[in-house]
Amino acid sequence: MNSFRTRLTVIMVAMVGISVLAAGLFMAKTYKDNHIDALQDNMIREMNIILRQMEWPQGEPEQLYDYYTAQAKELKQVTDARVTFVSGSGMVLGDSDHDPRTMDNHASRKEVEEASREGIGRTIRYSDTLGENLLYVTKKVNPADPQSAYIRLALSLKTVDSSMWHIWTVLGIGLLLLFAAAAAVSYRLARSLTRPLEQITGVAKRIQNLDYHTRVEVRKQDEIGELGQAINAMADSLQVQMERIHQNENQLESVLDNMINGIVMIDRSGQVVLLNRFAEEVLGITAQKLVGRHYSEAKQQYELSQIIQDGLERKEHLREEITFYFPEERLLDLNLVPIFEDDQQFGGVLLVLQDVSAIRRLERMRSEFVANVSHELKTPIAAVKGFAETLLGGAVKDEETTRSFLQIIFDESERLNRLIGDILELSKIESRRVPLQFSPVDMYSFTKKTLELLSAEASRKHITLEMNAEPGLYVEADEDRLRQIVMNLLGNGINYTPEGGKVSIKVGPAGTHGSDGDYDFVRLTISDTGIGIPKKDLPRIFERFYRVDKARSRGSGGTGLGLSIVKHLVELHNGTIAVESEVGVGSTFIIELPVLQ
Ligand code: ADP
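Bear in mind that the values here come from a model prediction, so they are computed numbers and not experimental data.

Now for the pairing of strand β8 (residues 318-324). Across 7 bridges, the pairing between β8 and strand β9 (residues 330-340) is antiparallel. Among the inter-strand pairings, I322 is bridged to a residue of β9, identified as L332. Counting the residues between successive antiparallel strands, the hairpin from β8 to β9 contains 5 residues.

Here is the structure:
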């Protein structure tokens, strides 16, 4: 761009220089010509006057030399020019400055030759003797006579030359100044022409470097201005499009990153093109490390590499369930879908990873539950059926045995009833079919009433019930459900505590803060002095049908569902339940419920 500006400047300066120089030369030449012409006219006029007044004697040259020389010298005084008289044959008759006798023939002198032809002759010649230019003007004395003599005036051009020199000096200085001015103007002009172009080029370069905010500053409505506007319009549309692309990209990215499935895109050469967040988590490698590399670099399980390789070779939908052990154990459902581009060309594969561990675990739990339920139901039914068959078979004659058999049938059907009741209850709570009815519960009177309901059973087993509740404590809860929780835990306490033991309930605030003792939770602590729970069983006692000692639980009429129901109900109240126990010493269940739901 700069070289363009320089070239433009040089061309403009050269054009101005050449025209100024040509004008100067022309002016100088005209001036000189005019000046010399005027001098010549003057000299001719002087010669005409001389011709009129002078005598032109003829004769032998020797006699004429003195006369003409004298005349010449005299005339020089008047005209201030060198005067020469030349005969028709070219011989010098008299001269104001030299001795005619020593002078050679002048017939071949240019001005004389010209005068012989045209009457008047002129020439400019450098005189070595004088060291200056001289203007020689010659006139025929009698133009009609071919043998006529000539008169010649010669005038120094010293003044003309010096004034020409002066003119040249002035012209030179002027030219230089003009040159400088022309250069400055040309430079500015070139700059004003090239500057917008430079700016446009700069903007185009910035756009190329992905800066879509840059714009050309359009000052004029000329062609360059239009170019600037066109570039701006292009930048506008690029910016809009880039923003749209960014938006789409962000949307896609957030969709991909928030998907609960892992997505891995692999091109036909086996290079990983895309890896979303879930896939990163499942494969235990970041997109940053894997994208742009071959899938085998993920160093994943052999089965995964195998299915990808299969997919790339077979170009068809493949599906497989694989257990991953790293970074954590998961059961993944892999779906490998081939990608075909617009032109039906195979583009690679899309791997969709779905974590099915939870689903499979749930399925397993469900089938285990069904098996458990069937098993639990089968035992009492088998007992009922067996004893009833024996009775019907008439084998038992003895009334007492019959009675005890019937008692067993009754107890077993009671158990069956309880079991079915608990199962229904649990499934109701689990499926949240019955919404909780929250209302403020006065914990003091609530605890008191609940204990009363169990007092008969406790006294039958000679177990002391103890209550330690702060009055005035309220909690927002579903009172019936809360009673179910407390009854269950107290019932277990009574069940698993030998005669003469003690079961106690303590109710107090928890998470207190502030100066007036505000509390966020109510803590219920239910302890007994019973048989306790072995450490290894503690984490499992809240599971359905889990019993530490099956025979004992059955003996006491337990179903193994009580603590499951309790845990669910506590969770429906947004509370927590914990257990501490020591074998032979007793167990403590601690429940914390939020005061406000
Ligand atoms: P169950 O109907 O058998 O009592 P639960 O779900 O209520 O079923 O309790 C599960 C198991 O936890 C019981 O079988 C018992 O082994 C143990 N357990 C529960 N509460 C106590 C306790 N207070 N003391 C000792 N063991 C207990």
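One pass over the full model with this rule turns up 34 salt bridges. R122 is paired through a salt bridge with D37; the nearest N and O atoms lie 3.0 Å apart. Separated by 85 residues along the polypeptide, R122 in strand β3 (residues 120-127) and D37 in helix α1 (residues 2-53) bring together distant segments of the chain. Overall, R122 belongs to the partly exposed group, its relative accessible area being 27%. For D37, a relative accessible area of 34% corresponds to the partly exposed category. Notably, a salt bridge pairs R547 with E376, separated by 2.4 Å at the nearest N-O pair.

Attention now moves to the pairing of β3. By the bridge criterion, 8 bridges tie β3 to strand β4 (residues 132-140) in an arrangement that is antiparallel. If you follow S127 over to β4, its bridge partner there is E132.

Between the first and last C-alpha of helix α9 (residues 357-392) there are 51 Å, a value that for 36 residues agrees with the 52 Å anticipated at 1.5 Å per step. Those residues of α9 that sit buried are S357, F369, V373, E376, P380 and A383. Looking one or two places after α9, you find G394, whose phi comes out positive at around 75°.

Tracing the backbone shows M91 in the loop between β1 (82-86) and β2 (92-95). With 14 residues separating them in the primary sequence, M91 and N105 have C-alpha atoms 4.9 Å apart. Discounting residues that sit within four places of it in the chain, M91 has contacts with P61, Y65, F85, V86 and N105.

Within a sheet, neighbouring strands are paired by backbone hydrogen bonds and run either parallel or antiparallel to one another. Strand order across the open sheet formed by 5 strands is β12-β14-β15-β17-β16, with mixed pairing between neighbours. Of all strands in the sheet, those with a lone pairing partner are β12 (464-469) and β16 (576-582), marking the two edges. Neighbour to neighbour, the strand axes of the sheet diverge by 15° on average, direction disregarded. Bridge count between strand β15 (residues 518-528) and strand β17 (residues 586-594): 7 bridges; the pairing is antiparallel.

What follows concerns the environment of E329. Checked against the element boundaries, E329 lands in the loop between β8 and β9. A relative accessible area of 59% means that E329 is categorised as exposed. Beyond its immediate stretch of four places on either side in the chain, E329 contacts T323 and F324.

Here G562 shows up in helix α14 (residues 562-572). Looking at G562, the relative accessible area reads 14%, which means it is buried. Through-space distance from the C-alpha of G562 to that of F545 is 8.7 Å; in sequence the pair is 17 residues apart.

Turning our eyes to something else, we now look at the packing of aromatic side chains. By convention here, two paired aromatic rings are described through the distance between centres and the angle between planes. Taken as a whole and judged by the stated rule, the model has 8 aromatic pairs. On the basis of an interplanar angle of 80° and a centroid distance of 5.0 Å, the ring pair of Y67 and Y68 is categorised as edge-to-face. On the basis of relative accessibility, which here comes to 26%, the residue Y67 falls in the partly exposed class. A centroid spacing of 4.7 Å and a plane angle of 75° characterise the contact between F387 and F405, whose relative ring orientation is edge-to-face. In this pair, F387 is assigned in helix α9 and F405 in helix α10 (residues 399-430), connecting sequence segments 18 residues apart. For F387, a relative accessible area of 23% gives the class partly exposed. Taking relative accessible area as the criterion, F405 reaches 16% and is therefore assigned buried.

Attention now goes to the domain arrangement of the protein. Looking at the protein, the domain boundaries give domain 1 (2-164), domain 2 (220-257), domain 3 (259-355), domain 4 (360-430) and domain 5 (439-594). Computed over C-alpha atoms, the centres of domain 2 and domain 4 are 76 Å apart.

Another point: the packing of helix α11 (residues 443-460) against helix α12 (residues 479-495). In the contact formed by α11 and α12, the axes pass within 10 Å of each other and the chain directions differ by 40°. Comparing the axis directions of α11 and α12 gives the class oblique. Crossing angle aside, the handedness with which α11 passes α12 is right-handed. Facing M443, F446, K449, T450, L451, L453, L454, E457 and A458 of α11, the residues of α12 in contact are E479, L482, R483, V486, M487, L490, G491 and I494. Tallied by class, residues from the contact of α11 with α12 come to 11 nonpolar, 2 polar and 4 charged.

Conventions used here
- Residues numbered from 1 in each chain as written.
- Predicted model: local features only at pLDDT ≥ 70, side-chain atom pairs only at ≥ 80, totals over all residues.
- Heavy atoms only, no water.
- Pairing = 2+ DSSP bridges.
- Helix = DSSP H or I, 4+ residues; strand = E, 2+ residues; numbered from the N terminus.
- Salt bridge = Lys/Arg side-chain N within 4 Å of Asp/Glu carboxyl O.
- Buried < 20%, exposed > 50% of the residue type's maximum accessible area, 1.4 Å probe, protein only.
- Expected span 1.5 Å × (residues − 1).
- Contact = heavy atoms within 4.5 Å.
- Axes fitted to C-alpha atoms, helices over the stretch in contact; angles between N-to-C directions.
- Phe/Tyr/Trp six-rings, centres within 6.5 Å; stacked < 30°, edge-to-face > 60°.
- Domains from an automatic or database assignment.
- Parallel < 35°, antiparallel > 145°, perpendicular 65-115°, else oblique.
- Left-handed = near helix turned anticlockwise from the far one by under 90°.
- Nonpolar A, V, L, I, M, F, W, Y, C, P; charged D, E, K, R; others polar.

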